Amino acid sequence: MQLLKNNLNIDLGDIREKVVDGYRLDYEDGIRLFESSDILMIGSLANIVREKINKNRAYYIINRHINYTNICKNRCKFCAFSRNIDEEGAYQMSIKEILDNASQIIHDNSTELHIVGGLHPELGLDYYVDMIGSIHEKFPDVHLQAFTAVEIAHFAEISGMSTYETLKKLKDAGLGSLPGGGAEVFSTDVRKELCPEKLSGDEWLNTMRTAHNLGMRSNATMLYGHIEKNEDRVNHLLKLRELQDETGGFMSFIPLAFHPKNTDLKEFSSTAGILDLKMLAIGRLMLDNFDHIKAFWIMLGIKLSQISLSFGVDDIDGTVAEEKITHSAGAETPEALTVDEIKSLIEETGREPVERNTLYNQVN
Ligand code: V47
Ligand code: SF4
């Protein structure tokens, strides 16, 4: 009841007018939206923008995730997936194992492989170039969305090459685009506390800038529901919007709900549904230059992902087979959905399911 008394009183009338008239929201608007509990108002505003950009379409993709190693020298406090090299449960897939795993896309009709892993302290750049080159050679029609900006910066460091040269080498081998991971929250204080070894927010943005300038698109994420404050959330969104104004290279924004189980932050609770919906809807409202807002159903849960299609979201990712990062941290969602399950999940909301490829072109 406290929640209702405090926050439904925030008048969002002027923000509503800005949204309806197509004006850009500013920092103060973002803060007020996060402080408000009027989730129906926030959702309906996000829905206006969602339908203006994406009409009634709800996108999905047939894809497969490959997490090639969980060995990582960073050991972020929020990560339950990573291991030290000599720790029980540590693994690293050989190129052959990756190719065998990738071969399953033939049965699935997948159009995308989503490949991310930890920062292995001993592997050299050749392993990653070989990985991309071998998969691309065997499956030239499959889009390879691989390596977060964190991994790219690590490859540049171990090879002594610039970020540009590293990305160019991977692009020449067949890399299609970059996933949005590793952004976490750009705030220096939050990073110092949760992932001190990780590249800075500015370095993440610079890596994306370089990829976009090379003609590679990417996604953007934000990990929320831990120690970040509303100010950190809004600043994060504004930095993404600023870079998007400059390059236009981002395809979608994906808020990632923190899963605390098996992490160093076990005392935290899972995110509340209201925060999940607000992150998606406010993301839609602040990021007026992003075409797509994605609910990653693996992290969000199937039911909330379905509801999110009325709260700004136009994409619920895909079949996803074999995701490990969130499941290591206690996600209770299945590891994959069938195409029929995804389509009926969308149809039940009255939206039109559209199969897309990575670059959001319609398939079939
Ligand atoms: O960078 C790590 C996050 C990211 C946890 O681009 C956690 O389409 C929640 O980036 N709870 C990797 N999140 C995954 C990722 C991603 C996922 C889906 C789609 C796309 C895309 C990208 O996962 C990491 C980190 O931010 N993460 N641990 C955790 N316990
Ligand atoms: Fe390593 Fe990424 Fe996990 Fe951080 S989130 S420990 S960089 S795998």
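Structure shown above.
Figured I'd write up the structure that's included with this text. (Residues numbered from 1 in each chain as written. Chains lettered and ligands numbered in written order. Predicted model: local features only at pLDDT ≥ 70, side-chain atom pairs only at ≥ 80, totals over all residues. Heavy atoms only, no water.)

1. Here we look at the side chain of His 327
Spelled out, the test is: Secondary structure elements follow DSSP: runs of H or I of four or more residues count as helices, runs of E of two or more count as strands, with numbering from the N terminus. With a 1.4 Å probe rolled over the protein chains alone, any residue whose accessible area is under 20% of its type maximum counts as buried; one over 50% counts as exposed, and the rest are partly exposed. Polar contacts, as used here, are pairs of N or O atoms within 3.5 Å; protein pairs need one atom able to donate a hydrogen and one able to accept it. Residues neighboring in sequence count only if both atoms are side-chain atoms. By the convention used here, residues are in contact when the closest approach between their heavy atoms is within 4.5 Å.
With respect to the helices and strands, His 327 occurs in helix α16 (residues 325-328). Given a relative accessible area of 18%, His 327 falls into the buried group. Separated by 3.4 Å, the side chain of His 327 and the backbone oxygen of Pro 334 make a polar contact. Leaving out residues up to four positions away in the same chain, His 327 has contacts with Ile 298, Thr 333, Pro 334 and Glu 335.

2. What about the nonpolar core?
Note the threshold: In these notes, a set of buried Ala, Val, Leu, Ile, Met, Phe, Trp, Tyr and Cys residues joined through side-chain atoms within 4.5 Å is what counts as a nonpolar core.
With 108 residues, the main nonpolar core has Met 131, Ile 135, Phe 147, Trp 204, Leu 240 and Phe 253 as its most contacted residues. By residue number, the principal contributor to this core is helix α13 (residues 273-286), which donates 8 residues. Sequence-distant contacts of Met 131, that is, excluding residues within four places in its chain, are made with Tyr 68, Ile 95, Ile 98, Ile 115 and Phe 147.

3. Here's the deal with the site of ligand 2
Where we set the bar: Here a residue is considered near a molecule or strand provided that any single heavy atom belonging to it is located within 4 Å of it. Classification convention: Asp, Glu, Lys, Arg as charged; Ala, Val, Leu, Ile, Met, Phe, Trp, Tyr, Cys, Pro as nonpolar; all other residues, Gly among them, as polar.
Close to ligand 2 lie Cys 72, Asn 74, Arg 75, Cys 76, Phe 78, Cys 79, Ser 82, Gly 118 and Lys 198, which account for all nearby residues. A class-by-class count of the residues in the shell around ligand 2 yields 4 nonpolar, 3 polar and 2 charged.

4. Section: the packing of aromatic side chains
Under the convention used in this document: Each Phe, Tyr or Trp ring (for Trp, its six-membered ring) is paired with any other whose centre lies within 6.5 Å, and the angle between the two planes then decides the class: stacked below 30 degrees, edge-to-face above 60, tilted in between.
Under the counting rule described, the total for this entry stands at 12 aromatic pairs. Where Tyr 68 meets Tyr 127, the ring centres are 6.2 Å apart and the plane angle is 55°; that geometry is what we call tilted. Highlighted residues: Tyr 68 in the loop between β2 (63-66) and α5 (95-102) and Tyr 127 in helix α7 (residues 125-138), separated in sequence by 59 residues. Its relative accessible area of 0% is what places Tyr 68 among the buried residues. A ring pair is formed by Trp 204 and Phe 250, whose centres lie 6.2 Å apart and whose planes are at 10°; its orientation type is stacked. With Trp 204 in helix α11 (residues 201-213) and Phe 250 in strand β7 (residues 250-257), the pair connects residues that are 46 residues apart, well separated along the chain. The two residues Trp 204 and Phe 250 agree in class, both being buried. Taken together, the ring pairs connect Tyr 68, Tyr 127, Tyr 128, Phe 147 and Phe 155 into an aromatic cluster.

5. Description of the site of ligand 1
For ligand 1, the set of nearby residues contains 21 residues, the closest of which are Phe 78, Gly 180, Gly 182, Glu 184 and Lys 294. Between an oxygen atom of ligand 1 and a main-chain N or O atom of Gly 181, the distance comes to 3.2 Å. Gly 182 places a main-chain nitrogen or oxygen 2.8 Å from an oxygen atom of ligand 1. Listing elements by their share of the shell around ligand 1, those giving two or more residues are β6 (217-224) and β7. The greatest single-element share of the shell around ligand 1, amounting to 3 residues, is contributed by β7.

6. Observations concerning the sheet that holds strand β9 (residues 315-318)
What counts, and what does not: Think of it this way: DSSP has to see at least two bridges between two strands before they count as a pair. Whenever a helix is involved, its axis is fitted only over the stretch in contact; in every case the axis is a line through C-alpha atoms, and angles between N-to-C directions fall within 0 to 180 degrees.
The strand order across the open sheet formed by 3 strands is β9-β1-β10, and the pairing between neighbours is parallel. Pairing within the sheet leaves two strands with one partner each, and these edge strands are β9 and β10 (352-355). The average angle at which neighbouring strand axes cross in this sheet is 25°, direction not considered. Relative to β9, strand β1 (residues 57-61) runs parallel, the two sharing 2 bridges. The residue of β9 that forms the bridge with Tyr 59 is Asp 315. Across the sheet, helix α17 (residues 339-347) is in contact with β1, β9 and β10; its angle to β1 comes to roughly 165°.

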